[in-house]
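Residue-level listing of the chains:
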Amino acid sequence: MRRVAVFLASSSGHDPAHVALAAAVGSGLARRGIGLVYGGGRRGLMGVVADSALEAGGEVVGVMPRSMVEREWAHEGVTELVRCDSMHERKAIMAEYSDAFVALPGGLGTLEEIFEVWSWRQLGFHTKPVGFLDAGGFWTPLLGVLRGLVDSGFLPAPTLDDLAVAADLDGLLESLEERLRATPRAAHGEGWGGSGT
């Protein structure tokens, strides 16, 4: 993997462990020579992951709509700040720059971003792997909900099994690499009785 897109909060949340996790991910990617692609923010967990990657000598690509840059939300110290016109374009650019996608703790924006790229993979629009860093069990309740969707017949089991999930960065990167090495398959929704979305 050359670059990984990381979706995470623009706030710091209430638990200092989330800040520490973002810092560890930023520095961990940089030490492995993996570039960070993220939403370009300078505050919250976004700023932490970018700063830690930069401090460790890593490449950091931020992508942000011009309207948000004009509100001074952007991290101007990143390796490359890509300005775009909309949130839709932002996500498309992040996807183009990245070889895999990872969700760290976050809120609505994080969920929207990771679910979109995951659904794109399911539908065959790309073959880049998608994962959740479930440190401290942050995503465990959500994963339980997703298992319920499988049990209810609204999500194909192979789609859920295709999701990379690990409690630490090493394990998650290993799972993502395994999926990158696998032969690309047809969209999971093909031949299945539901839409899968």
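Residues numbered from 1 in each chain as written. Predicted model: local features only at pLDDT ≥ 70, side-chain atom pairs only at ≥ 80, totals over all residues. Heavy atoms only, no water.

**Student:** Is there a simple way to think about the overall build of the protein chain in this case?
**Tutor:** Looking only at helices and strands, the protein chain has 8 helices and 7 strands in total. The C-alpha atoms of the protein chain give 16 Å as radius of gyration, which agrees with the globular expectation for 197 residues (16 Å, within 12%). Each of the 197 residues in the protein chain was classed as buried or not, and the buried ones make up 48%. Taking as baseline every contact in the protein chain between residues at least 6 positions apart, the subset at least 24 positions apart corresponds to 68%. Charge-centre separation for the protein chain: the mean point of 17 positive side chains lies 2 Å from the mean point of 25 negative side chains. (Helix = DSSP H or I, 4+ residues; strand = E, 2+ residues; numbered from the N terminus. Rg over C-alpha atoms; globule rule 2.2 N^0.38 Å. Buried < 20%, exposed > 50% of the residue type's maximum accessible area, 1.4 Å probe, protein only. Contact = heavy atoms within 4.5 Å. Lys, Arg positive; Asp, Glu negative; His and termini not counted. Charge placed at Lys NZ, Arg CZ, Asp CG, Glu CD.)

**Student:** Is there a simple way to think about the nonpolar core in this case?
**Tutor:** In summary, soluble globular proteins display a tendency toward joint burial of nonpolar side chains. Of all hydrophobic cores here, the largest spans 33 residues; its most connected members are L8, L29, L36, Y38 and L104. The element that contributes the greatest number of residues to this core is helix α2 (residues 44-55), accounting for 5 residues. Leaving out residues up to four positions away in the same chain, L36 has contacts with V4, V6, L29, V49, A50, A53, E59, V60 and V61. Grouped together as the second largest cluster of nonpolar side chains are 24 residues, V63, F101, I114 and W139 included. (Core = buried A, V, L, I, M, F, W, Y, C linked by side-chain atoms within 4.5 Å.)

**Student:** I tried to follow the sheet that holds strand β6 (residues 130-133) on my own but got confused; where do I start?
**Tutor:** Consider a sheet: its strands pair through backbone hydrogen bonds, and that pairing is either parallel or antiparallel. Read from one edge to the other, the open sheet built from 7 strands follows the order β4-β3-β2-β1-β5-β6-β7, with strand pairing classed as parallel. Here the strands that pair on one side only, and so sit at the sheet edges, are β4 (80-84) and β7 (164-166). On average, adjacent strands in this sheet sit at an angle of 25 degrees to one another, irrespective of strand direction. Where strand β2 (residues 35-38) lies against strand β3 (residues 60-65), 3 bridges are found, and the strand directions are parallel. Within β3, the position partnered with L36 by the bridge is V60. Together, β1 (3-7), β2, β3, β4 and β5 (100-103) form the strand contacts of helix α4 (residues 87-97), whose direction differs from that of β3 by roughly 160 degrees. Its contacts with the sheet put helix α8 (residues 169-181) on β5, β6 and β7, and the angle it makes with β7 is roughly 160 degrees. (Pairing = 2+ DSSP bridges. Axes fitted to C-alpha atoms, helices over the stretch in contact; angles between N-to-C directions.)

**Student:** What is the right way to look at the packing of helix α1 (residues 16-31) against α2 in this model?
**Tutor:** Relative orientation of the contacting elements α1 and α2 amounts to 35 degrees, with a least axis distance of 7 Å. With respect to the hand of their crossing, α1 and α2 are arranged in right-handed fashion. Residues H18, V19, A22, A23, V25, G26, S27 and A30 of α1 form the contact with α2, whose participating residues are L45, V48, V49, S52 and A53. Here the residues of the contact of α1 with α2 are counted per class, giving 9 nonpolar, 4 polar and no charged. (Left-handed = near helix turned anticlockwise from the far one by under 90°. Nonpolar A, V, L, I, M, F, W, Y, C, P; charged D, E, K, R; others polar.)

**Student:** Would you mind showing me how to read helix α5 (residues 108-122) here?
**Tutor:** Residues separated by three or four positions in an α-helix point in the same direction, a consequence of the helix having 3.6 residues per turn. The first and last C-alpha atoms of α5 sit 21 Å apart over 15 residues, in line with the 21 Å expected at 1.5 Å per residue. Just downstream of α5, G124 is the residue with a positive phi angle, here 85 degrees. (Expected span 1.5 Å × (residues − 1).)

**Student:** What am I meant to see in the packing of aromatic side chains here?
**Tutor:** Aromatic ring pairs: the centre-centre distance and the angle between the two ring planes describe each pair. Applying the stated criterion across every chain, the model contains 5 aromatic pairs. Plain terms: the ring middles of F132 and W139 are 5.1 Å apart, the flat faces sit at 75 degrees to each other, and that makes the pair edge-to-face. Given a relative accessible area of 1%, F132 falls into the buried group. A relative accessible area of 4% means that W139 is categorised as buried. The structure contains a cluster of three or more aromatic residues connected by ring pairs, namely F115, W118, F132, F138 and W139. When the ring centre of W73 is taken as origin, the NZ or CZ atom of R71, which lies over that ring, is 4.4 Å away. (Phe/Tyr/Trp six-rings, centres within 6.5 Å; stacked < 30°, edge-to-face > 60°. Lys NZ or Arg CZ within 6 Å of the ring centre and 35° of its normal.)

**Student:** Explain the environment of A166 to me, please; I cannot follow it from the model alone.
**Tutor:** One can find A166 in strand β7. Residue A166 is classed as buried on the basis of its relative accessible area, which comes to 14%. In the structure, A166 is positioned 34 residues away from F132 in sequence and 6.9 Å away in space, judged by C-alpha atoms.

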